[in-house]
Amino acid sequence: MIEPLQTWLAEQVGRPVAIVTLRRIATGHSRAMWFVELDDGQRLVVRVEQGGVFGTSTVDEFELMRAAAELGVPVAPVRWLEPTGRVLGQPFFAMDFVESASAQREDRTLPDDVATDFIRRLHELHSVDRQGRVQPADAGTNATDTQIDRWAGIYRAASPVALPLLDEAEAWLHRHVPELAQAAIVHGDPGPGNFLHDGAAVVAFTDWEFAHIGDPMEDWVYLISMRGARTMTADRWRQLITDTVGVDVTDWDLRYWGAFNFFKGACANLTCLQVFGGPNPAPNMAIIGTALQQTFMRNLAQLVAG
Amino acid sequence: MPEPSDAELWHGVEHTVHRVLLPHIDDDWARAAAVQLIGLARYASTRTAGRVDRNVAELIGVLDSLADNPIVADHRRASDSPSDVFAAVASVMAAAVDDDGVAGDEIRRTLRPVVTRQLDDELAETSAMIPFFRGQIDD
């Protein structure tokens with residue numbers, strides 16, 4: 001990996017460079033993350049696809065991160081994109097390494113100041129004036145229906161057979177889709193483990209592969225019910241969100257968007273089983289594609305039943 | 001000729017990764033993959049055979065018992081193949097979402113619990129891999 005990556009980085013930088021450190025960062029499953037230090041002192045993170053895991057796009061993620069940075073959102077500056085797979089066998093991009101005091105990905109503890117600042121910064125992301133950058137896949141008013149269809153399409157492409165609970169959920173989500181007041185940039189996977197902080201404030205949102213234009217409530221409920229569930233209780237999160245940014249997350253919001261997020265996860269996780277049987281036969285792919293996917297589907301079924 | 005069973009082969013893989021290889025792996029990512037592989041090998045050695053065929057047979061029985069249900073009548077399966085049976089069940093359950101009447105209630109009362117129970121049965125086996133996924137190994 002070192003030689004082709006080094007050659008490519010030299011092309012991007014415009015002069016010879018040498019990689020003095022290359023170390024895999026043991027976080028995340030959909031992308032291989034590599035810490036790279038060059039002989040000129042530059043420190044980068046190279047984020048490499050893993051054969052189509054989760055059905056998300058490196059190109060889309062790169063473009064959205066670049067647009068977000070231009071709009072003042074805290075995000076690691078992206079540098080160069082390799083979309084073809086000709087260099088490392090999979091599409092990837094390089095971004096600046098960002099210093100932080102954040103703990104390991106699986107540690108979901110947060111100081112109170114950091115939790116509050118995260119809520120504030122997430123609300124800012126949702127409220128940012130996109131200024132024509134980051135276009136929705138549709139006119140915006142049907143953004144949630146578009147996302148339901150997107151994930152259903154990924155499920156059907158990844159699974160050799162129909163999964164009745166996913167078809168049921170798809171119909172239920174469409175039937176009960178909330179009216180969207182204002183389409184916004186939605187991170188899609190927000191919360192502890194997916195942002196960097198310095199002990200007091202957010203330094204950068206990370207892992208933007210699920211980001212899209214949609215309903216901000218998707219993010220709030222994801223934070224409360226999924227990524228933030230081990231940090232504090234749902235009631236504590238809801239109170240903190242209301243007190244900090246004035247957003248009220250209702251019981252119905254928790255049910256609908258909880259179902260949406262488990263639907264999204266259940267559909268995305270199916271791709272791992274497909275990848276396990278193909279380009280990436282790693283054990284985590286098999287486990288995500290079975291145990292985790294089925295857990296999400298079971299939680300989804302409970303929410304749909306009510 | 002005597003030969004090891006599949007369960008014995010998988011146990012051999014699990015034991016070797018755990019007791020021989022893992023103590024000598026220092027790299028964080030490689031250690032995580034090794035622990036996950038132990039979980040995968042344990043699942044492979046203990047999972048129930050023939051699950052799909054049994055599930056399909058059960059679903060066929062339920063669909064046939066609902067032959068007079070108008071939703072089932074509108075989404076008849078093309079064959080008894082697993083693909084066609086799951087497709088029919090999926091179409092029926094999706095259609096029932098928009099039916100708040102007797103037909104939809106019958107689907108939710110009769111067919112849906114079978115589908116969720118089948119998922120629970122499979123999850124009871126696959127969920128044993130989750131601790132290994134989180135890096136937890138039983139010594």
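Keep in mind it's a predicted model, so treat the numbers as computed, not measured. (Residues numbered from 1 in each chain as written. Chains lettered and ligands numbered in written order. Predicted model: local features only at pLDDT ≥ 70, side-chain atom pairs only at ≥ 80, totals over all residues. Heavy atoms only, no water.)

1. Some details on the overall build of chain A
Summing up its helical and strand segments, chain A has 9 helices and 9 strands in all. Here chain A has a C-alpha radius of gyration of 19 Å; the compact-globule value for 306 residues is 19 Å, and the two agree. A burial count over chain A gives 57% of its 306 residues as buried. Taking all contacts inside chain A whose residues are at least 6 apart in sequence as the whole, residues at least 24 apart take part in 69%. Entry remark: accessible area of chain A is about 11900 Å², with carbon and sulfur atoms responsible for 49%. Taken as two groups, the 25 positive and 39 negative side-chain charges of chain A have centres that lie 3 Å from each other. (Helix = DSSP H or I, 4+ residues; strand = E, 2+ residues; numbered from the N terminus. Rg over C-alpha atoms; globule rule 2.2 N^0.38 Å. Buried < 20%, exposed > 50% of the residue type's maximum accessible area, 1.4 Å probe, protein only. Contact = heavy atoms within 4.5 Å. Areas by Shrake-Rupley, 256 points an atom, 1.4 Å probe, with all protein chains shown as cover. Lys, Arg positive; Asp, Glu negative; His and termini not counted. Charge placed at Lys NZ, Arg CZ, Asp CG, Glu CD.)

2. Things to note about the overall build of chain B
In terms of helices and strands, chain B carries 7 helices and 0 strands. Taking 139 residues into account, the globule formula puts the C-alpha radius of gyration at 14 Å, and chain B, at 21 Å, lies well above it. Expressed along its principal axes, the backbone C-alpha trace of chain B runs to roughly 60 × 40 × 20 Å. For chain B, the proportion of its 139 residues judged to be buried stands at 36%. Sequence-distant contacts, at least 24 apart, represent 62% of the contacts inside chain B between residues at least 6 apart. Of the roughly 7700 Å² of accessible surface on chain B, a fraction of 54% belongs to carbon and sulfur atoms. Distance from the positive charge centre (13 side chains) to the negative charge centre (25 side chains) of chain B: 3 Å.

3. A word on the pattern of salt bridges
Residue and element names in this part refer to chain A. Evaluation of the coordinates by the stated rule reveals 27 salt bridges over all chains. Note that Arg79 is salt-bridged to Asp96, the shortest N-O span being 2.5 Å. Taken together, the positions of Arg79 in strand β4 (residues 78-82) and Asp96 in strand β5 (residues 92-96) put the pair 17 residues apart, joining distant regions of the chain. Here Asp96 falls in the partly exposed class, since its relative accessible area comes to 22%. (Salt bridge = Lys/Arg side-chain N within 4 Å of Asp/Glu carboxyl O.)

4. Observations regarding the interface of chain A and chain B
Taken together, the contact pairs 32 residues of chain A with 29 residues of chain B. Summing both partners gives a buried area of about 2800 Å² for chain A against chain B, and 71% of it is carried by carbon and sulfur. Run the count over chain A and chain B and you get 3 salt bridges. For Arg298(A), the salt bridge is made with Asp120(B), and the minimal N-O distance between the two is 2.5 Å. Summed over the shared surface of chain A and chain B, the number is 8 residue pairs in polar contact (both at pLDDT 80 or more). Contributing elements (two or more residues each) for the side of chain A that touches chain B: α5 (164-175) and α9 (283-305) of chain A. The biggest single contributor to the side of chain A that touches chain B is α9(A), with 15 residues. (Buried area = accessible area lost by both parts, 1.4 Å probe. Polar contact = N/O pair within 3.5 Å; in protein donor to acceptor, adjacent residues only side chain to side chain.)

5. Here we look at the nonpolar core
Note that soluble globular proteins tend to have their nonpolar side chains buried in a common cluster. Judged by nonpolar contacts, the single largest core of 118 residues is most densely connected at Leu166(A), Ile185(A), Trp208(A), Trp220(A), Phe263(A), Ile107(B) and Leu111(B). When residues no more than four places from it in sequence are discounted, the contact partners of Ile107(B) are Leu66(B), Asn69(B), Ile71(B), Val72(B), Val92(B), Met93(B), Ala96(B) and Arg112(B). (Core = buried A, V, L, I, M, F, W, Y, C linked by side-chain atoms within 4.5 Å.)

6. Some words on the side chain of Asp253(A)
Residues and elements named next belong to chain A. Looking at where Asp253 falls in the secondary structure, it is placed in helix α8 (residues 251-276). Buried within the structure, Asp253 lacks any salt-bridge partner; its nearest side chain of opposite charge belongs to Arg238, at an N-O separation of 7.2 Å. Polar contacts involving the side chain of Asp253 include one to the main-chain amide nitrogen of Thr250, which spans 2.9 Å. Beyond its immediate sequence surroundings of up to four residues, Asp253 is in contact with Met217, Val221, Asp248 and Gly258.

7. Regarding unusual backbone geometry
For residues besides glycine, phi is generally negative; the peptide bonds are generally trans as well. Residue and element names in this part refer to chain A. In this structure, Phe54 is a non-glycine residue whose phi angle is positive, near 70°. Residue class for Phe54 comes out buried when judged on its relative accessible area of 12%. The backbone phi angle of Asp207 is positive, close to 50°, even though this residue is not glycine. With respect to the helices and strands, the residue Asp207 is situated in the loop between β8 (202-205) and β9 (212-214). For Asp207, a relative accessible area of 14% corresponds to the buried category.

8. Some points on the sheet that holds β4(A)
Residue and element names in this part refer to chain A. On the basis of which strands lie adjacent, the open sheet formed by 5 strands has the order β1-β2-β3-β5-β4 and antiparallel pairing. The two strands at the open ends of the sheet, each matched to only one other strand, are β1 (19-25) and β4. In this sheet, neighbouring strand axes are inclined to one another by 20° on average, regardless of whether the strands run parallel or antiparallel. Pairing between strand β2 (residues 31-38) and strand β3 (residues 43-49): 7 bridges, direction antiparallel. Across the sheet, Val36 pairs through a bridge with Leu44, a residue of β3. The sheet strands contacting helix α2 (residues 58-70) are β2, β3, β4 and β5, and the helix crosses β4 at an angle near 160°. (Pairing = 2+ DSSP bridges. Axes fitted to C-alpha atoms, helices over the stretch in contact; angles between N-to-C directions.)

Interpretation in functional terms is not warranted from these geometric data alone.
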